[in-house]
Amino acid sequence: MNSFELNKIAGAVLAGALTVVAVNEFANIAISPEMPEKNAYAIDTGAEESAGTAAAATEEGPSLAALMASADAASGEKIFKKCSSCHTAEEGGANKIGPNLYAILNKAKGSVAGFSYSGALIEKGGDWTYEDLDAFLKKPKDFIAGTKMSFAGVKKPEQRADLIAYLRTLGTADAPLPTE
Ligand code: HEC
């Protein structure tokens, strides 16, 4: 092979490379993709964005007492459908993936017979007060890190109040409502 032929080959390779670059550039200019800042379809993973959580934490909504005063147990019973894949609520109901929730209001945490709780829930201790139920149902893993209740939570305070009002009708209807 003489150097003239080598030059031809090198030239051809170079020309090929240039064509690829040119086509790429052209495609970029012609299509000029604009990436949307957010996904077109929001996927609700149950996880709030951290900025949102911080904002919500400082936001002063109505107190739990006010929410409970206007809560609607019938609506809570409907919302409880979210829970019933794992929980029964009637008296003497079976434990499923989660424990039976009859008379859970003001009951000691982790005390349903025959249910095997996570160590985290047992360690939390105390009773299921209105406040604790509200905090747990908002985001179970925030209130009890390590709980085995795999449930994202109920974001709306009104819905949590409705749920708690429903739970209250199950054997604890005479429990005094929170005052603050
Ligand atoms: C995917 C299944 C699942 C869903 C859905 C679920 N839970 Fe649970 N729940 C559990 C499990 C499992 C536990 C036990 C947690 C532990 O031991 O850490 C639990 C525990 C609880 C407890 C504590 C009970 C006790 O005896 O201390 C309450 C209260 C509760 N759940 C309420 C609810 C409510 C109300 C809903 C619906 C908004 C709900 N859960 C949805 C699985 C679930």
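Since we're looking at a predicted model, the values are computed, not measured. (Residues numbered from 1 in each chain as written. Predicted model: local features only at pLDDT ≥ 70, side-chain atom pairs only at ≥ 80, totals over all residues. Heavy atoms only, no water.)

Comments concerning the site of the ligand
Moving on, step 1. Neighbouring the ligand are 26 residues, the closest being C83, C86, H87, S118 and M149.
Moving on, step 2. Between the ligand and the protein, one listed contact pairs a nitrogen atom with a side-chain N or O atom of H87 at 2.7 Å.
Moving on, step 3. Contacts to the ligand include G110, whose backbone N or O atom sits 2.8 Å from an oxygen atom.
Moving on, step 4. When residues in the shell around the ligand are grouped by element, the largest group, three residues, is from helix α6 (residues 130–138). (Near = heavy atom within 4 Å. Polar contact = N/O pair within 3.5 Å; in protein donor to acceptor, adjacent residues only side chain to side chain. Helix = DSSP H or I, 4+ residues; strand = E, 2+ residues; numbered from the N terminus.)

A word on the nonpolar core
Moving on, step 1. Among the nonpolar cores identified, the biggest contains 30 residues, and M68, F80, W128, Y130 and L163 are the most heavily contacted of them.
Moving on, step 2. Listing elements by their share of this core, those giving two or more residues are α3 (64–69), α6 and α8 (157–169).
Moving on, step 3. For this core, the element with the most residues is α8, which contributes six residues.
Moving on, step 4. Discounting residues that sit within four places of it in the chain, M68 has contacts with Y130, A161, I164, A165, L177 and P178. (Core = buried A, V, L, I, M, F, W, Y, C linked by side-chain atoms within 4.5 Å. Buried < 20%, exposed > 50% of the residue type's maximum accessible area, 1.4 Å probe, protein only. Contact = heavy atoms within 4.5 Å.)

As for the packing of aromatic side chains
Moving on, step 1. A full pass over the atoms with the stated rule returns five aromatic pairs.
Moving on, step 2. For the pair F80 and Y166, a centre-to-centre distance of 5.4 Å together with 55° between the ring planes defines the contact as tilted. Linking F80 in the loop between α4 (73–79) and α5 (119–124) with Y166 in helix α8, this pair joins segments that are 86 residues apart in sequence. The same class applies to F80 and to Y166, which are both buried.
Moving on, step 3. The interplanar angle of 40° and the centroid separation of 4.9 Å between the aromatic rings of W128 and F136 together place this pair among those described as tilted. (Phe/Tyr/Trp six-rings, centres within 6.5 Å; stacked < 30°, edge-to-face > 60°.)

Digging into α8
Moving on, step 1. In this model, α8 (13 residues) spans 19 Å end to end at C-alpha, consistent with the 18 Å of a helix rising 1.5 Å per residue.
Moving on, step 2. Every buried residue belonging to α8 is among R160, A161, D162, L163, I164, A165, Y166, L167 and R168, and all of these are buried.
Moving on, step 3. Residues of α8 that are buried sit in contact with α3, α4 and α6.
Moving on, step 4. One or two positions beyond α8, positive phi appears at G171, with a value near 90°. (Expected span 1.5 Å × (residues − 1).)

Describing the coordination of the iron atom of the ligand
Moving on, step 1. Binding of the iron atom of the ligand to the protein goes through H87 (NE2) and M149 (SD), at separations of 1.9 to 2.1 Å.
Moving on, step 2. One way to put it: the six donor atoms around the iron atom of the ligand meet at angles of 86 to 179°, and that makes the site octahedral. In this pair, H87 sits in the loop between α4 and α5 while M149 sits in the loop between α7 (140–143) and α8, placing the two residues 62 residues apart along the sequence.
Moving on, step 3. H87 gets classed as buried once you look at its relative accessible area, which sits at 9%. (Donors = N, O, S within 2.8 Å, 3.2 Å for Na, K, Ca; no water. Tetrahedral: all angles 85-135°; square planar, octahedral: opposite > 155°, others 65-115°.)

Examining a nonpolar patch on the surface
Moving on, step 1. A surface patch of nonpolar side chains, about 290 Å² in accessible area, is lined by L6, I9 and V13.
Moving on, step 2. Structurally, L6 is set in helix α1 (residues 3–31).
Moving on, step 3. Judged by its relative accessible area of 49%, L6 falls in the partly exposed class. (Patch = residues over 30% accessible without salt bridge, like charges linked within 9 Å, V, L, I, M, F, W, Y side chains within 5 Å. Areas by Shrake-Rupley, 256 points an atom, 1.4 Å probe, with all protein chains shown as cover. Salt bridge = Lys/Arg side-chain N within 4 Å of Asp/Glu carboxyl O.)

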